[in-house]
Amino acid sequence: MRSAPLLIVLILLASNIFAQELQQKLPSKTRILFLLDGSGSMLGKWEDGLRIDVAKQYLGELVDSLSVNDNLELGLRVYGHQYHSSVQNCEDTRLEVPFGKGNHGKILEALTDVKPKGTTPIAYALKQTAKDFPPGRDVRNIVIILTDGIESCDGEVCDVSLALQRRGIFLRPFVIGLGMTKEYQEQFGCVGQYFDASEVSNFRSALATAIRSSLGRTTVSVELTDRQGNRNEKDVNVTFYNNFTREPAYEFVHYRDRKGRPDSVEVDGVLSYDLVVNTVPPVIKRGVELDGGRHNVIAIPAPQGTLALRQPSHTDYEKGVKVMVRPAGSERVLFVQDMGTDKKYLEGTYDLEFLTLPSIHKKGVNIKQGSESTLTIDGPGILDAYASVAGSGSIYTLPEKGRQQWVANLDTNKRRHSLALQPGTYKVVFRAENAMGSKYTLIHTVTIRTGAVTTINLIDP
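Described in the following lines is the structure provided in the data block. All values derive from a computational prediction rather than experimental measurement. (Residues numbered from 1 in each chain as written. Predicted model: local features only at pLDDT ≥ 70, side-chain atom pairs only at ≥ 80, totals over all residues. Heavy atoms only, no water.)

1. Description of the overall build of the chain
- Helix and strand counts for the chain come out as 7 helices and 29 strands.
- For the chain, the C-alpha radius of gyration of 34 Å lies well beyond 23 Å, the compact-globule estimate for 461 residues.
- Each principal axis of the C-alpha atoms in the chain carries an extent, and together these give about 105 × 75 × 45 Å.
- A total of 461 residues make up the chain; the buried ones form 47% of that total.
- Put simply, of all contacts in the chain between residues at least 6 apart along the chain, 67% involve residues at least 24 apart.
- A total of about 24100 Å² of accessible surface is found on the chain, and carbon and sulfur atoms cover 49% of it.
- One finds the centroid of the 54 positive side-chain charges in the chain at a distance of 7 Å from the centroid of its 53 negative side-chain charges. (Helix = DSSP H or I, 4+ residues; strand = E, 2+ residues; numbered from the N terminus. Rg over C-alpha atoms; globule rule 2.2 N^0.38 Å. Buried < 20%, exposed > 50% of the residue type's maximum accessible area, 1.4 Å probe, protein only. Contact = heavy atoms within 4.5 Å. Areas by Shrake-Rupley, 256 points an atom, 1.4 Å probe, with all protein chains shown as cover. Lys, Arg positive; Asp, Glu negative; His and termini not counted. Charge placed at Lys NZ, Arg CZ, Asp CG, Glu CD.)

2. So, the environment of Lys368
- In this structure, Lys368 sits in the loop between strand S21 (360–367) and strand S22 (372–376).
- When the C-alpha atoms of Lys368 and Ala130 are compared, they prove to be 52 Å apart, with 238 residues separating the residues in sequence.
- For Lys368, the residues in contact, after removing those within four places along its chain, are Gln304, Gly305 and Glu347.

3. Focus: the side chain of Asp92
- Structurally, Asp92 can be placed in the loop between strand S4 (72–79) and strand S5 (93–100).
- For Asp92, which is buried and forms no salt bridge, the nearest opposite charge comes from Arg94, at a distance of 7.5 Å.
- Looking at Asp92, its side chain comes within polar contact range of the main-chain nitrogen of His81, at 3.2 Å.
- Setting aside residues no more than four positions away along its own chain, Asp92 makes contact with Val78, Tyr79, Gly80, His81, Gln82, Tyr83 and Pro121. (Salt bridge = Lys/Arg side-chain N within 4 Å of Asp/Glu carboxyl O. Polar contact = N/O pair within 3.5 Å; in protein donor to acceptor, adjacent residues only side chain to side chain.)

4. Some details on helix H7 (residues 200–215)
- Taking 1.5 Å as the rise per residue, H7 with 16 residues should run 22 Å; its terminal C-alpha atoms sit 23 Å apart, in good agreement.
- Along H7, the positions that sit buried rather than exposed are Val200, Phe203, Ala206, Leu207, Thr209, Ala210, Ile211, Ser213 and Ser214. (Expected span 1.5 Å × (residues − 1).)

5. Overview of the packing of helix H2 (residues 51–65) against H7
- As a packed pair, H2 and H7 sit with axes 11 Å apart at the nearest point and diverge in direction by 35°. The two elements H2 and H7 cross, and the hand of that crossing is right-handed. Within the contact between the two elements, H2 uses Val54, Ala55, Tyr58, Leu59, Glu61 and Leu62 and H7 uses Val200, Phe203, Arg204, Leu207 and Ile211.
- When its residues are assigned to classes, the contact of H2 with H7 shows 9 nonpolar, no polar and 2 charged. (Axes fitted to C-alpha atoms, helices over the stretch in contact; angles between N-to-C directions. Left-handed = near helix turned anticlockwise from the far one by under 90°. Nonpolar A, V, L, I, M, F, W, Y, C, P; charged D, E, K, R; others polar.)

6. What about the packing of aromatic side chains?
- The full count for this structure, using the stated rule, is 12 aromatic pairs.
- With a centroid separation of 6.3 Å and an interplanar angle of 80°, the aromatic rings of Phe335 and Tyr345 are classed as edge-to-face. Taken together, the residues span a long stretch of sequence, with Phe335 in strand S18 (residues 335–338) and Tyr345 in strand S19 (residues 342–346) at a distance of 10 residues.
- One cation-aromatic arrangement involves Lys343 over Phe335; the distance from NZ or CZ to the ring centre is 4.7 Å. (Phe/Tyr/Trp six-rings, centres within 6.5 Å; stacked < 30°, edge-to-face > 60°. Lys NZ or Arg CZ within 6 Å of the ring centre and 35° of its normal.)

7. Considerations on the sheet that holds strand S24 (residues 391–397)
- The antiparallel open sheet is built from 4 strands, whose spatial order is S25-S24-S27-S28. Strands at the two margins of the open sheet, each flanked by one partner only, are strand S25 (406–409) and strand S28 (442–448). The sheet shows a mean angle of 25° between the axes of neighbouring strands, taken without regard to direction.
- Sheet analysis places S24 next to S25, joined by 3 bridges and oriented antiparallel. From the neighbouring strand, Ser394 faces S25, where its bridge partner is Asn409. (Pairing = 2+ DSSP bridges.)

Structural data, given as structure tokens:
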């Protein structure tokens, strides 16, 4: 019998452990497809050798070094190597080595046989890679493009790359420009992450960086700071959007430990991100490039203050009181806050509209970091208007100066009307449904006071 309490404790511990299981994991398996330029221009000189020879040498060394990774599969597709450039064959590409375990030797043999000949159909070759990756869910598909020139077949490389990323065929590609000038970076920047290997010494480094980003563990700590750069903000949802596809990749509720330090989360080092800190309004940091395979720290200022809304007897309003919060001088609604609640906003100036009867406008409300701004408005009173017969009518404000303003219509199906109104003087206009003409319209002037009930007989002249 004594084991029962222990069993309960174990069950509770097990449930707690399950609840804290990681929910956003990276796949354990990775596939890398090398897309190699085999066009005639690869026979050009590059320092002490030919571009194709340098590419074969370093790519071969890399493939050989990766043979020890059991969670990695490699493939090789080449383009521009089967037909002479005079033919201008814009479909000249072939999957030389399909994905498979232990195929490193086959890739090395295939590299030896590549003889540059033809044109540069990058877009078409990239499109064909959709057929190269075997189906599978728990896997990351990556393309590394090695080229010494731009598209020569009028293909839209950027459109193809984006379309395949959106379909989930592969992650953002790496593009390594062999012996090209920096002007090509703009043309390949929309394809994926571009590496300028204008010198041979840069080529090996570019390959190593691409592999480290693909296979290394990439972690991120997001530093949410106040105006002075202090780490005070926390418990805010942060969304990592894929910068290329604009789709959400990760969702994290920001956390700090007891010493105020943010934790680190693992993300995919291949992607570029737009970070959205979901404060009100949100803070956006676009085009965040991570150092793949390493720990990254991203600091984002997101100072917040609290807006507290108070009104005595606000529950006298049948549906409560909503408050529209807008950026100062804007018609755009950021948030609709309930009366009697506290809400954090990004430090700044806001315009508020209280949806009372009549509505109340407060402009230029300042929210300061770490502070609470409390706004209190007068509580309503109750107008109790009744009649022996139903009819039509409206309620208007009677300001000391200026024109009257419409507040509300009376319900034509009711004989008794009970409305919460802000303190002030009002005009109630009413015509009974059995009155034989508009000249029988009745007008009442009433004064509403906070917490008081004002009663009138609508058909009593």
